[in-house]
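# Survey of secondary and tertiary structure
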Amino acid sequence: MMLFINGTSRGIQCSNLGYWVKDYESAFETLTQLVAEQWTLQDATIVDEHNRMSIPVEAFDGQPIQVHIHTLQQQWNRILFAKPELLELSDEQWLKNHFTQLDTYYKDMLTHLEKMIVLYEIRKTKLNVMRDKDLRTRVRAQYDLLLEGNKRMYKQIRNSRQKNQIRLNRFDKET
């Protein structure tokens with residue numbers, strides 16, 4: 001898999017710079033690192049055999065994302081691949097355990113989304129230092145989209161957690 005980048009680093013225009021990457025996650029981490037190293041990305045493309053995907057470079061702000069992806073993956077693995085001793089539980093015990101793990105996942109997601117919303121709002125306020133008004137307007141619009149998406153996801157997950165907590169409360173009342 002190849003990641004191709006066009007951008008500027010320390011005033012030098014770099015065109016069709018190629019990186020070998022093992023997966024999409026490492027491609028995204030590479031873009032994050034470049035932005036953290038003061039690159040201005042113009043466009044990026046991932047080529048995987050016969051597939052070609054353009055990457056929205058505006059989404060990369062230099063903050064690491066790989067840790068968050070791994071955390072989510074671990075949480076899903078805990079939910080999806082329950083320990084063997086859980087197989088010996090009754091259906092009700094197994095469901096209660098499942099809903100408890102799901103509640104933990106929802107809680108962690110809400111915490112993560114809260115942090116992301118605050119971070120985007122802080123970064124949005126710092127855009128006033130950008131001299132290029134058109135660029136500032138485009139970047140502000142991207143942050144608005146990210147904020148809107150994160151707030152919508154936060155609301156959905158909060159609602160899902162509330163429904164899950166109602167299910168957990170039913171188990172507690174029955175036992």
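Scroll up to find the structure.
Residues numbered from 1 in each chain as written. Predicted model: local features only at pLDDT ≥ 70, side-chain atom pairs only at ≥ 80, totals over all residues. Heavy atoms only, no water.

## Some thoughts on the overall build of the protein
When helices and strands are tallied, the protein shows five helices and four strands. Helices (α) and strands (β) of the protein occur, in sequence order from the N terminus, as β-β-α-β-β-α-α-α-α. For the protein, whose C-alpha radius of gyration is 21 Å, the value lies well above the compact-globule estimate of 16 Å for 175 residues. In terms of overall dimensions, the protein has a C-alpha envelope of 65 × 40 × 25 Å along the principal axes. Evaluated residue by residue, the protein yields a buried proportion of 30% over its 175 residues. Of the contacts made within the protein by residues no fewer than 6 positions apart, 60% connect residues no fewer than 24 positions apart. Here the protein displays about 12100 Å² of accessible surface, and carbon together with sulfur accounts for 53% of that area. Distance between charge centres in the protein, computed from 25 positive and 23 negative side chains, equals 8 Å. (Helix = DSSP H or I, 4+ residues; strand = E, 2+ residues; numbered from the N terminus. Rg over C-alpha atoms; globule rule 2.2 N^0.38 Å. Buried < 20%, exposed > 50% of the residue type's maximum accessible area, 1.4 Å probe, protein only. Contact = heavy atoms within 4.5 Å. Areas by Shrake-Rupley, 256 points an atom, 1.4 Å probe, with all protein chains shown as cover. Lys, Arg positive; Asp, Glu negative; His and termini not counted. Charge placed at Lys NZ, Arg CZ, Asp CG, Glu CD.)

## Structural notes on the side chain of Glu-29
Counting through the fold element by element, Glu-29 comes out in helix H1 (residues 24-36). No salt bridge is formed by the buried Glu-29. Its closest oppositely charged neighbour is Lys-22, at 11 Å. With residues up to four places along the chain from it excluded, the contact list for Glu-29 reads Pro-64, Ile-65 and Gln-66. (Salt bridge = Lys/Arg side-chain N within 4 Å of Asp/Glu carboxyl O.)

## Considering the pairing of strand S4 (residues 51-55)
For a regular strand, side-chain orientation follows a simple rule: the groups alternate between the two sheet faces. The pairing of strand S3 (residues 39-48) with S4 spans five bridges and is classified as antiparallel. Following the sheet pairing, Thr-45 is matched in S4 by Ser-54. (Pairing = 2+ DSSP bridges.)

## Overview of the side chain of Asn-6
On the secondary structure map, Asn-6 appears in strand S1 (residues 2-9). With near-sequence residues (within four places) excluded, Asn-6 lies in contact with Cys-14, Ser-15, Asn-16, Leu-41, Gln-42 and Asp-43.

So far we have only geometry, and geometry alone does not tell us how the molecule works.
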